[in-house]
Amino acid sequence: MTDNRFFNRSELIGILVLAVFLVAVLPLTLDVFRLNLVAKYLTYAFVALGLVICWGYGGILSLGQGVFFGLGGYCMAMFLKLEASSVENTKIQSTPGIPDFMDWNQLTALPFFWKPFHSLTFTIAAIVLVPGIFALIIGTAMFKRRVGGTYFAIITQAVAAILTILIVGQQGYTGGINGMTDLRTLKGWDIRPDHAKIALYFFEVGCLFVCIMIAQFVRHSKLGRILVAMREKEDRVRFSGYSVANFKIFAFCIAAVFAAVGGAMFALNVGFMSPSFVGIVPSIEMVIYTAVGGRLSILGAIYGTLLVNFAKTSLSETFPELWLFGLGGLFIAVVLAFPNGLAGIWGDYVQPRIERVIASRKPKPEGWTDGSVADGAPAE
């Protein structure tokens, strides 16, 4: 029988543990610098959440999620950069009132597509709509022609490479290889002091839990069940009268929007945005986060993201040249030994033992016996 509960007991405990860990334990035990690093890690957790829906449930492996992470990040960075480029702040430039990299590249006026980003409302809408529409275009072009599997993964990699080249090449409009730096204020509120970093951390955690609820709703809805059926037997779903292409497009678009929200939070928390977060390498790393945590588990993907990034920071500080080998080895080990990641280890080995221990400590009803034969009855 299908479990229609929004959260089962295990998931509810996992949510509460994650909430206590992010809201209480980490803020009380880490200094502001380390807490800001955790905020950076959590921006990738948004991408991992989207990949659980897209890859885990829909069976669509995208190796270009950095594209949508970058689009969301650049949308937010454009707003922040315009606010930091007021006439007063840029009066030493040849053309005051435009971003510094535009002045360096001899632009004398703000490009037309930058002007709407003076509005925070437009920026928030763009963070959702721009990557969503871009994913809709790519998904429609691919899935309507039944392009999937390895071919789709390669195409998303190509899109990531193209966007990176475009951003770097259009230096006067995007900041080029250096990206957009010196992001200072949000509607006049300075985002650089320690108290601002702490406030942004809690805001990001709140946004993450909203996305968790959305992902959980999709998972337990009819749509989620169709995505799983589509992953297992696509032809049967198609023969049942459902449009497989439309379901794939939806999963791809919602993953793109989640990634874009993470990118926007990255620009806010870290204070810059560059093409180094858009290309093939960061996109593959985002897939590794999901694989390590468990591509079929919403909470597992978040824990996997935190674990891999904690390990990355710790090892790269001590052994900077060996970290990439460690990351590759970790991914190979997960694929070969634990294909369902940390969530699979928990579900297959840890949780059953905990449940047996809890069951053994419950009071037994009167007359209960440990054997299958009632007291006094002859055994066969």
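Residues numbered from 1 in each chain as written. Predicted model: local features only at pLDDT ≥ 70, side-chain atom pairs only at ≥ 80, totals over all residues. Heavy atoms only, no water.

Attention now moves to the nonpolar core. Residues Leu 22, Leu 42, Leu 49, Tyr 201, Leu 208 and Ile 212 are the most contacted members of the largest nonpolar core, which totals 111 residues. Top element by residues in this core is helix 11 (residues 244-270). It accounts for 19 residues. The contacts of Leu 42, once residues within four sequence positions are left out, are Leu 22, Tyr 201, Glu 204, Val 205, Leu 208 and Leu 306. (Core = buried A, V, L, I, M, F, W, Y, C linked by side-chain atoms within 4.5 Å. Buried < 20%, exposed > 50% of the residue type's maximum accessible area, 1.4 Å probe, protein only. Helix = DSSP H or I, 4+ residues; strand = E, 2+ residues; numbered from the N terminus. Contact = heavy atoms within 4.5 Å.)

Where helix 8 (residues 194-220) meets helix 11, the axes come as close as 10 Å, and the angle between the chain directions of the two elements is 175°. Compared by their axis directions, helix 8 and helix 11 come out roughly antiparallel. Residues Lys 197, Leu 200, Tyr 201, Phe 203, Glu 204, Cys 211, Ile 214, Ala 215 and Val 218 of helix 8 pack against Phe 250, Ile 254, Phe 258, Met 265, Leu 268 and Asn 269 of helix 11. Residues belonging to the contact of helix 8 with helix 11 are distributed by class as follows: 12 nonpolar, one polar and two charged. (Axes fitted to C-alpha atoms, helices over the stretch in contact; angles between N-to-C directions. Parallel < 35°, antiparallel > 145°, perpendicular 65-115°, else oblique. Nonpolar A, V, L, I, M, F, W, Y, C, P; charged D, E, K, R; others polar.)

This brings us to the pattern of salt bridges. Side chains carrying opposite charge are able to pair once their charged atoms draw close together. Taken as a whole, this structure holds eight salt bridges when the rule is applied. For Asp 100, the salt bridge identified is with Lys 81, shortest N-O distance 3.3 Å. Taken together, the positions of Asp 100 in helix 4 (residues 100-104) and Lys 81 in helix 3 (residues 65-84) put the pair 19 residues apart, joining distant regions of the chain. The partner of Asp 182 in a salt bridge is Arg 184, and the shortest N-O contact between them spans 2.7 Å. By sharing partners, the salt bridges in this structure join Glu 234, Asp 235, Arg 238 and Lys 248 into a single network. (Salt bridge = Lys/Arg side-chain N within 4 Å of Asp/Glu carboxyl O.)

So, about the environment of Cys 54. Within the element layout of this structure, Cys 54 appears in helix 2 (residues 32-57). For the pair formed by Cys 54 and Asp 194, sequence separation is 140 residues and the distance between their alpha carbons is 36 Å.

Looking now at unusual backbone geometry. We note that Gln 106 has phi near 65°; this positive angle belongs to a residue other than glycine. Mapped onto the fold, Gln 106 is located in the loop between helix 4 and helix 5 (120-143). A positive phi angle is found at Asp 182, which is not glycine, with a value near 60°. Note that Asp 182 resides in the loop between helix 7 (171-174) and strand 1 (185-186).

By definition, a disulfide links two cysteine residues through a covalent bond between their sulfur atoms. Summed over the entire model, instances satisfying the criterion amount to zero disulfides. Here Cys 253 stays free of any disulfide, with the sulfur of Cys 54 as its closest cysteine sulfur at 9.5 Å. (Disulfide = S-S within 2.5 Å.)

Moving on to the packing of aromatic side chains. On inspection of all chains with the given rule, the structure shows 19 aromatic pairs. Measuring from centroid to centroid gives 6.0 Å for Tyr 242 and Phe 247, while their planes differ by 65°, and the two rings are edge-to-face. The exposure class of Phe 247 is buried, given its relative accessible area of 17%. (Phe/Tyr/Trp six-rings, centres within 6.5 Å; stacked < 30°, edge-to-face > 60°.)

This part is about the confidence of the model for the protein chain. Averaged over every residue, the pLDDT of the protein chain is 87; residues scoring 70 or more account for 93%. Across the protein chain, element-level confidence peaks in helix 5 with a mean pLDDT of 95 and bottoms out in helix 14 (residues 323-337) with 74. (pLDDT = per-residue confidence, 0-100.)

Two residues of an α-helix separated by three or four positions point the same way, owing to the 3.6 residues in each turn. Between its first and last C-alpha atoms helix 13 (residues 298-318) spans 31 Å; for 21 residues at 1.5 Å apiece the expected length is 30 Å, and the two agree. Listed in full, the buried residues belonging to helix 13 are Ile 298, Leu 299, Gly 300, Ala 301, Ile 302, Gly 304, Thr 305, Leu 306, Val 308, Asn 309 and Thr 313. Here the buried face of helix 13 lies against helix 1 (9-29), helix 2, helix 8, helix 12 (280-293), helix 14 and helix 15 (341-361). Measuring from the side-chain oxygen of the N-cap residue of helix 13 to the backbone nitrogen of Gly 300 gives 2.9 Å; that N-cap residue is Ser 297. (Expected span 1.5 Å × (residues − 1). Polar contact = N/O pair within 3.5 Å; in protein donor to acceptor, adjacent residues only side chain to side chain.)

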